[in-house]
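Residues per chain, in single letters:
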Amino acid sequence: SSDDWAFLCKADEVPVGEIGTAKHPGGMDLAIFNVEGEFFVAVDRCTHGAASFYDEGELNGHILECAWHNGTFDVRSGAALTMPCRVPLRSFETQVIDGDIYINPRAKRFQKPD
Ligand code: FES
């Protein structure tokens with residue numbers, strides 16, 4: 001239900017173009033991506049290795065690059081774009097209410113963009 005949304009942090013803690021961090025209610029580290037004022041949230045671990053995007057990621061628009069082996073993802077869909085990354089991000093539905101970022105704690109089912 002809508003009561004299940006989990007608070008992560010204040011939206012203004014993650015400026016445009018930056019990557020923030022917060023804990024999933026289950027304890028996992030999450031990465032929060034601000035793409036021109038729109039927020040996207042994923043598990044903070046590269047699906048290729050164990051890199052943290054918060055520590056090792058670079059966000060350029062909606063493209064996330066992992067510094068370990070330079071694989072990339074589209075944070076809007078979670079899709080892996082370039083090698084060596086093949087597995088999509090584990091992403092969460094996100095909403096901002098009164099300047100606070102929330103997620104639906106159940107990971108989204110990945111849908112390949114058109
Ligand atoms: Fe991220 Fe290899 S760990 S590209």
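See the structure above.
Note that this is a predicted model, so its numbers are computed, not measured.

(A) Molecular detail of the sheet that holds strand 3 (residues 29-35). If you trace the four strands from one edge of the open sheet to the other, you get 2-3-4-9, paired in antiparallel fashion. Of all strands in the sheet, those with a lone pairing partner are strand 2 (19-23) and strand 9 (91-92), marking the two edges. Relative to strand 9, strand 4 (residues 38-43) runs antiparallel, the two sharing two bridges. Bridging across to strand 9, Ala 42 finds its partner in Ser 91.

(B) Molecular detail of unusual backbone geometry. In the segment running from Met 83 into Pro 84, the intervening peptide bond is cis, with an omega of 10 degrees. Tracing the sequence through the fold places Pro 84 in the loop between strand 8 (80-82) and strand 9. One non-glycine residue with positive phi stands out, namely Glu 36, at about 50 degrees. Within the element layout of this structure, Glu 36 appears in the loop between strand 3 and strand 4.

(C) Here's a closer look at the side chain of Thr 72. Position of Thr 72 relative to the elements: it lies in strand 7 (residues 72-74). Overall, the relative accessible area of 10% leaves Thr 72 in the buried class. Among the polar contacts made by the side chain of Thr 72, one reaches the side chain of Thr 82 at a distance of 2.6 Å. Filtering out sequence-adjacent residues up to four positions away, Thr 72 remains in contact with Ile 63, Leu 64, Glu 65, Ala 79, Ala 80, Leu 81, Thr 82 and Cys 85.

Rules used in this analysis
Residues numbered from 1 in each chain as written. Predicted model: local features only at pLDDT ≥ 70, side-chain atom pairs only at ≥ 80, totals over all residues. Heavy atoms only, no water. Pairing = 2+ DSSP bridges. Helix = DSSP H or I, 4+ residues; strand = E, 2+ residues; numbered from the N terminus. Buried < 20%, exposed > 50% of the residue type's maximum accessible area, 1.4 Å probe, protein only. Polar contact = N/O pair within 3.5 Å; in protein donor to acceptor, adjacent residues only side chain to side chain. Contact = heavy atoms within 4.5 Å.

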